[in-house]
Amino acid sequence: MTTETSAASPAFVELGLAEPILRAIHDAGYTTPTPIQAQAIPQVLAGGDLLAAAQTGTGKTAGFTLPILHHLSTRAAQALKPGRPRCLILVPTRELAAQVEESVKTYGKYLSLTSMVMFGGVNINPQFKALKSRVDILVATPGRLLDHLGQKTVDLSGVEILVLDEADRMLDMGFIRDIKKVLAVLPRQRQNLLFSATFSDEIRTLANGLLHNPKSVEVARRNTTVEVVEQSMHRVPQAHKRDLLAHLIKHHDWQQVLVFTRTKHGANKLAEKLNKDNISAAAIHGNKSQSARTKALASFKDGSVRVLVATDIAARGIDIDQLPQVVNFELPNVPEDYVHRIGRTGRAGATGSALSLVDDEEMGYLRDIEKLIKRSIVRVEIEPGFVPPAKADLMSDERPPRPPQGRGGQRQGQNSRQPQPGGRNAGGRAPQGKSAAGGAKPAASRGAAPNPSSQPRKPRPQAALFSSKPGSRGH
Ligand code: AMP
């Protein structure tokens, strides 16, 4: 024991975490707490509520998981019953749910605590079965959790700690009403931790209704990721992008690349093309089954697949250490999505590179993104070694995103009617909707409410939602 503890990093030892947790941290190879961990862990250990501003990639998951494991393993449990968790972690997507629970298992591997992940879009029966056993930590998406509450297969009366992770994303996806319903059945006496990348008025309303005298920690402002990721772009006609990408991957010998496309179909076509060019690639998006997505992600992580092509929703929450290269095959039409995309690289202090392939029709999106990130993205000439395809076969559904009606309508005059130096005429299909919903899949498992983990809902007004202060703490 002593030897193992002495192997633990002094910086983590100083935080006062229990020895089995220190051992697991040591095994994970962490030597220094990230800034969010250094600030959040003592606050959570002290027992109060916490409002934390932290993006994915800052180490926030360990920031709440480590002290939670400490509390649960050192405090006496009351009324332990099957399907009655002591900690509830609510997250917006199934990918994030799976990854957070994986972290719980990693950091808790020397403890006797149990955990479970719960999300929609998959058969509910194995979840019923799992809830017949002891579950200390439940990581769930809100909608499927409500299903279980409705069927009384989960009992939340023993929740000592509640975490809302990526709360801003949950609100963006329209989960506020589901969250409110969950809060209403939690015991009043509990510790609440709210993590969010951004602090909109909606988040503040949520925090005011939920948190009791919270301590605030803030390590990364919204665009900090932007500062550590090297960003560049090539101007290239849409019809040349697939060939250019294949060329770049080979030329730079990129071994692990995450590529974002606007549509699910585009993701499939691109993965096919790369495979044809002997570059191993897999696509993940909302039309793929959960097991196909998990498999693709695992192959990408272990290096057997070199390129993962993803839509925005499917990629959300992807957790890969030090992913070196992100490519935007098309720019997102929601500028914030760009920040989320490039946040897949440059994680936990590592540097990363994000390259965007930009057709003339996307220049309006580029301007919006540059305005948001308050910097310009370096324009890089395509190396002379690239020979564009002789026959640029652009299918009708593979046009670059066009400015949608309403949002960005002012861009119409700026780009869509301009002559196309790339050789392609303007015009084409209307966009297929906000890219944030690009990978969404229709509800599969719920009758009354759509599948929460992949189907964004229309955000509703926040006012009055917390008028009755559901679930506020009693201490
Ligand atoms: P997160 O922001 O929780 O998604 O974490 C981002 C990545 O940072 C994850 O892949 C973690 O494994 C990694 N990570 C978390 N904490 C540390 C740490 N203290 N040192 C090195 N890597 C870390």
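Keep in mind it's a predicted model, so treat the numbers as computed, not measured.

**Student:** Give me the lowdown on the sheet that holds strand 13 (residues 352–358), citing residues and values where you can.
**Tutor:** Read from one edge of the open sheet, seven strands run 10-11-9-12-13-8-14, paired in parallel fashion. Edge positions in the sheet fall to strand 10 (281–284) and strand 14 (378–379), since each of these pairs with one other strand and no more. Sheet topology places strand 9 (residues 257–260) next to strand 12 (residues 325–328); four bridges connect them, and they run parallel. If you follow Val259 over to strand 12, its bridge partner there is Val327. Together, strand 9, strand 10 and strand 11 (307–310) form the strand contacts of helix 14 (residues 264–276), whose direction differs from that of strand 10 by roughly 170°. Seen against the sheet, helix 17 (residues 335–342) touches strand 8 (229–235), strand 9, strand 12 and strand 13 and runs at an angle of roughly 155° to strand 12.

**Student:** Before we move on, could you go through the nonpolar core and cite the residues and values that matter?
**Tutor:** Ala52, Val139 and Leu194 are the most contacted members of the largest nonpolar core, which has 74 residues in total. Take this core: its biggest share by element is six residues, from helix 6 (residues 94–107). Leaving out residues up to four positions away in the same chain, Val139 has contacts with Ile89, Val91, Ala97, Val100, Glu101, Val104, Ser115 and Val117. Counting residues in hydrophobic clusters, the runner-up holds 44 residues, among them Leu245, Ala246, Val259 and Leu274.

**Student:** Talk me through the packing of helix 17 against helix 18 (residues 363–373); I want residue IDs and the actual numbers.
**Tutor:** The geometry of a pair of packed helices is captured by two quantities: the angle between their axes and the separation between those axes. Remark: helix 17 packs on helix 18, axes separated minimally by 8 Å, with the N-to-C direction vectors making an angle of 70°. Of the possible angle classes, the one that applies to helix 17 and helix 18 is roughly perpendicular. Of the two possible hands of crossing, helix 17 and helix 18 adopt the one that is right-handed. Along the contact surface, helix 17 presents Pro335, Glu336, Tyr338 and Val339, while helix 18 presents Asp368, Ile369, Leu372 and Ile373. Of the residues contributing to the contact of helix 17 with helix 18, the split by class is six nonpolar, no polar and two charged.

**Student:** Kindly report on the sheet that holds strand 7 (residues 215–218), identifying the contributing residues and their values.
**Tutor:** On the basis of which strands lie adjacent, the open sheet formed by seven strands has the order 3-4-2-5-6-1-7 and parallel pairing. At either margin of the open sheet sits one strand with a lone partner, and together these are strand 3 (115–118) and strand 7. Going from strand to strand, the sheet's axes swing by 15° on average, the running direction of each strand aside. Where strand 2 (residues 87–90) lies against strand 4 (residues 137–140), four bridges are found, and the strand directions are parallel. Along strand 4, the bridge assignment pairs Cys87 with Ile137.

**Student:** Can you explain the environment of Gly29? Please cite residues and give values.
**Tutor:** Turning to its location among the elements, Gly29 is positioned in the loop between helix 3 (19–28) and helix 4 (35–46). Separated by 20 residues in the primary sequence, Gly29 and Ser9 have C-alpha atoms spaced 9.3 Å apart.

Parameters at a glance
- Residues numbered from 1 in each chain as written.
- Predicted model: local features only at pLDDT ≥ 70, side-chain atom pairs only at ≥ 80, totals over all residues.
- Pairing = 2+ DSSP bridges.
- Helix = DSSP H or I, 4+ residues; strand = E, 2+ residues; numbered from the N terminus.
- Contact = placed C-beta atoms within 7 Å.
- Axes fitted to C-alpha atoms, helices over the stretch in contact; angles between N-to-C directions.
- Core = buried A, V, L, I, M, F, W, Y, C linked by C-beta atoms within 7 Å.
- Buried ≥ 20, exposed ≤ 12 C-beta atoms within 10 Å, placed from the backbone.
- Parallel < 35°, antiparallel > 145°, perpendicular 65-115°, else oblique.
- Left-handed = near helix turned anticlockwise from the far one by under 90°.
- Nonpolar A, V, L, I, M, F, W, Y, C, P; charged D, E, K, R; others polar.

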